[in-house]
Amino acid sequence: RSEDRIVCTGLAEHLPDPHASVAEMARILRPGGRLILSASAVFSFHGGRDNYYHFTPAGLESVLGDDLDLVEMRGSTGPFETLGVLAQRIALQCDVFPPVRPFLDLLTRTLPLLDRAVARQFDNMAKLKPVDPAVGVMPAALIVVARKV
């Protein structure tokens, strides 16, 4: 039995061998079938001992192996929204001095607004090569659509 689509979100970073797991997903996809996969990129450690990986675009693309072609990759957030997500995780995962909590709440709500001011993002501090704005330089997670060859 082959599948037309497989959706796997927020799991790859918790697998000890994501390459083998994605290879198994590719095996049960029909030719032309789609895999929709998301995984943490810039995110707090979570989920106990089984939080193994945080992926870069190249790392997540390498997980696709030879049987899947990348159709699209996107970042889930802009760089400032990612900072807001991290501030929110600090508030959720840490005992924070109570007078600081309103400040963290304000940060989580206002930082994403600063993404509107980001004109371009680059692959390094020398600003030699712009990155795909759909992926960005600091997304909280990466989302991939891949097609079985």
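Predicted model, so just to flag it, every value in this text is computed and none were measured.

So, how was this worked out
Residues numbered from 1 in each chain as written. Predicted model: local features only at pLDDT ≥ 70, side-chain atom pairs only at ≥ 80, totals over all residues. Heavy atoms only, no water. Pairing = 2+ DSSP bridges. Helix = DSSP H or I, 4+ residues; strand = E, 2+ residues; numbered from the N terminus. Axes fitted to C-alpha atoms, helices over the stretch in contact; angles between N-to-C directions. Contact = heavy atoms within 4.5 Å. Parallel < 35°, antiparallel > 145°, perpendicular 65-115°, else oblique. Left-handed = near helix turned anticlockwise from the far one by under 90°. Buried < 20%, exposed > 50% of the residue type's maximum accessible area, 1.4 Å probe, protein only. Right-handed = clockwise from strand over helix to strand, strands pointing away. Core = buried A, V, L, I, M, F, W, Y, C linked by side-chain atoms within 4.5 Å. Patch = residues over 30% accessible without salt bridge, like charges linked within 9 Å, V, L, I, M, F, W, Y side chains within 5 Å. Areas by Shrake-Rupley, 256 points an atom, 1.4 Å probe, with all protein chains shown as cover. Salt bridge = Lys/Arg side-chain N within 4 Å of Asp/Glu carboxyl O.

Q: Could you clarify how one ought to interpret the sheet that holds strand 1 (residues 3-9) in this entry?
A: In any sheet, the strands associate via hydrogen bonds between backbone groups, in a parallel or an antiparallel arrangement. Here four strands make up an open sheet; going across it, the order is 1-2-4-3 and the pairing mixed. Whereas interior strands pair on both sides, the edge strands pair on one side only; in this sheet they are strand 1 and strand 3 (68-75). In this sheet, neighbouring strand axes are inclined to one another by 15° on average, regardless of whether the strands run parallel or antiparallel. Note: strand 2 (residues 29-40) against strand 4 (residues 141-148), seven bridges, orientation antiparallel. In the sheet register, Ala39 faces strand 4, and the bridge partner there is Leu142. Here helix 1 (residues 18-28) sits on the sheet in contact with strand 1, strand 2, strand 3 and strand 4, set at roughly 150° to strand 2.

Q: Honestly, the packing of helix 3 (residues 79-93) against helix 4 (residues 101-110) in this entry has me stumped. Any pointers?
A: It is at 8 Å that the axes of helix 3 and helix 4 come closest, and there the two elements cross at 150°. On the basis of the axis angle, helix 3 is roughly antiparallel to helix 4. In the packing of helix 3 onto helix 4, the handedness of the crossing is left-handed. Here Gly84, Ala87, Gln88, Ile90 and Ala91 of helix 3 come into contact with helix 4, specifically with Arg101, Leu104, Leu107 and Thr108.

Q: Please explain the pairing of strand 4 as it appears in this structure.
A: As a general feature of sheets, a regular strand has side chains that alternate between the two faces. Here strand 4 lies mainly inside the structure; six of its eight residues are buried. Alignment of strand 3 against strand 4, held across seven bridges, turns out to be antiparallel. Of the residues in strand 4, the one forming a bridge with Gly75 is Leu142.

Q: Whenever I open this one, the pairing of strand 1 confuses me. Can you help?
A: The pairing of strand 1 with strand 2 spans six bridges and is classified as parallel. When the sheet's bridge partners are listed, Cys8 is paired in strand 2 with Leu37. Traced from strand 1 through helix 1 to strand 2, the parallel crossover comes out right-handed.

Q: How should I be thinking about the nonpolar core in this particular structure?
A: Across soluble globular proteins, nonpolar side chains have a tendency to be buried as a group. Core analysis: the biggest nonpolar cluster contains 21 residues, and Leu35, Leu37, Phe55, Leu60, Leu68 and Leu142 have the highest contact counts within it. For this core, the secondary structure elements donating two or more residues are strand 1, helix 1, strand 2, helix 2 (57-63), strand 3 and strand 4. The leading source of residues in this core is strand 2, at four residues. If we ignore the near neighbours within four places in the chain, the residues touching Leu142 are Leu37, Ser38, Ala39, Ala41, Phe55, Thr56, Pro57, Leu60, Met73, Arg74, Gly75 and Val135.

Q: Would you take a moment to explain a nonpolar patch on the surface for this structure?
A: On the surface, Phe97, Val100 and Phe103 cluster together to form a nonpolar patch covering roughly 320 Å² of accessible area. With respect to the helices and strands, Val100 occurs in the loop between helix 3 and helix 4.

Q: Help me understand unusual backbone geometry in this model?
A: Glycine aside, a negative phi is what most residues show, and trans is what most peptide bonds show. Within the chain, Lys127 stands out as a residue other than glycine whose phi angle is a positive 55°. Inspection of the secondary structure puts Lys127 in the loop between helix 4 and strand 4.

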